[in-house]
Number of protein chains: 2
Amino acid sequence: MKLAEAKNQFVQAWGTLGSKWGINRTMAQLHALLMISPDPMSAEELMEELNISRGNVNMNIRELIDWGLVEKVHKPRDRKEYFWAEKDIWKITKQVARERKKRELEPVLRVLDQVSKVEGDKKDKNVKAFTDAVSGIKRIAGNADKAIETMFKAEENWFFGGLLKLFK
Amino acid sequence: MKLAEAKNQFVQAWGTLGSKWGINRTMAQLHALLMISPDPMSAEELMEELNISRGNVNMNIRELIDWGLVEKVHKPRDRKEYFWAEKDIWKITKQVARERKKRELEPVLRVLDQVSKVEGDKKDKNVKAFTDAVSGIKRIAGNADKAIETMFKAEENWFFGGLLKLFK
DNA sequence: TGGAACTTTCAAAAGTTATTGAAAGTTTAA
DNA sequence: TTAAACTTTCAATAACTTTTGAAAGTTCCA
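I will try to describe carefully the structure that is included in this document. (Residues numbered from 1 in each chain as written. Chains lettered and ligands numbered in written order. Predicted model: local features only at pLDDT ≥ 70, side-chain atom pairs only at ≥ 80, totals over all residues. Heavy atoms only, no water.)

Another point: the nonpolar core. Here is a general trend for soluble globular proteins: nonpolar side chains tend to be buried in one another's company. If you look at the biggest cluster of nonpolar residues, it comprises 104 residues, and the most contacted ones within it are F10, L46 and F130 of chain A together with F10, L46 and F130 of chain B. Those residues in contact with L46 of chain A that sit more than four places away from it in its chain are L30, L33, L34, M41, N51, I52, V57, I61 and F83 of chain A. (Core = buried A, V, L, I, M, F, W, Y, C linked by side-chain atoms within 4.5 Å. Buried < 20%, exposed > 50% of the residue type's maximum accessible area, 1.4 Å probe, protein only. Contact = heavy atoms within 4.5 Å.)

Moving on: the protein's contact with DNA strand C. Of all residues adjacent to DNA strand C, which total 18 residues, the nearest are N58, R62 and R79 of chain A together with T26 and S53 of chain B. What you see for DNA strand C is that sugar and phosphate hold 67% of its atoms within 4 Å of the protein. Measuring from a phosphate oxygen of DNA strand C, one finds a side-chain N or O atom of R54 of chain A at 3.4 Å. Here a base oxygen of DNA strand C sits 2.8 Å away from a polar atom, N or O, in the side chain of R79 of chain B. Those elements giving two or more residues to the surface near DNA strand C turn out to be α4 (54-66) of chain A together with α4 (54-66) of chain B. In terms of residue count, α4 of chain A provides more of the surface near DNA strand C than any other element does, five residues in total. Taken together, the residues of the surface near DNA strand C sort by class into two nonpolar, nine polar and seven charged. (Near = heavy atom within 4 Å. Polar contact = N/O pair within 3.5 Å; in protein donor to acceptor, adjacent residues only side chain to side chain. Helix = DSSP H or I, 4+ residues; strand = E, 2+ residues; numbered from the N terminus. Nonpolar A, V, L, I, M, F, W, Y, C, P; charged D, E, K, R; others polar.)

For the rest of this paragraph, the subject is helix α3 (residues 43-50) of chain A. Residue and element names in this part refer to chain A. For α3, the set of buried residues is A43, L46 and L50. Around the axis of α3, the buried residues are gathered within 65 degrees of arc, so they sit on the same side. Residues of α3 that are buried make contact with α1 (3-20), α2 (25-35), β1 (41-42), α4 and β3 (81-85). Backbone geometry just downstream of α3 places N51 in the positive-phi region, at approximately 55 degrees. (Arc of directions from axis to C-beta.)

Here it is, written out as structure tokens:
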């Protein structure tokens, strides 16, 4: 397989994966493209490679910057902005986990705390089913939370070594 | 907080969470409703609680059944179908992980295997950046895959006990 | 200061996904 | 076999999300 073809397939696959996990397809494709680019890329190059408008590149790159996955870089003697993506997959994984935890897990945990204050007869099977379900979810979500926190502090080695040793 | 209000907030929160993770909001809401219901519910009850059409209930319940999270149940002397959801959060977690792995992780791993056969000069920095990125992703994805496989075999206790002990 | 080179914004258009509801299909029991 | 009670399907449409592109904004430097 030629590099151009391989790149293309990779960018498509990353876009599809992203969209199945609630990430804008274009944002994921931009990220894919930057991840496999040894050099920072300009808006023009990104527009060109993905056949999308300047506005679209701008918005999605901004979002990637907001997620902490991409940075602007400036080349000396060049007014254009270039974009560079973190390439260490372990750092990317941690960063995505950190953001999703903050944006999605934490708000739900707050609601769970609220609703677990439900008042009512503990003998009522409806109340019991509700509180049982909520406390179960809180328990697992709280543990997922701790797991992510630990991951932030951990070395890549912990994941590729320690965790897997535990598994076998 | 009254049960009715708490239920409502929970259903909304679960729906929002689902939609941010690529799961149809209605499907997630139906799941939430069934998780906190001590008894199986009929299509009518679900339509009523969520203010949605019969067709919509039917499609999304079918999807939940397909994900292995909900079952049809029949009551004696009643032609109606009722729906019941698994309530053990550990089983739900494992089931969701299993399905997403099959539907989303595995297809990507197949593409990664394909594209890592890229031909070309290993000295070319573009080829190098590409193969480095792809092999990094394969490595982490393969490990996530193993982690999920292990989770399938594991007891809930492994997660709530062993894993967390390792963490501290 | 003016204007070229660039980036950002945002309202409208296109594209995608979810929902409805009516019609078709199925099952049950008399 | 019939018809009532229920479920399923699917084309139309509504709702939502993404993308465009032209206009506005910014920055740089002659």
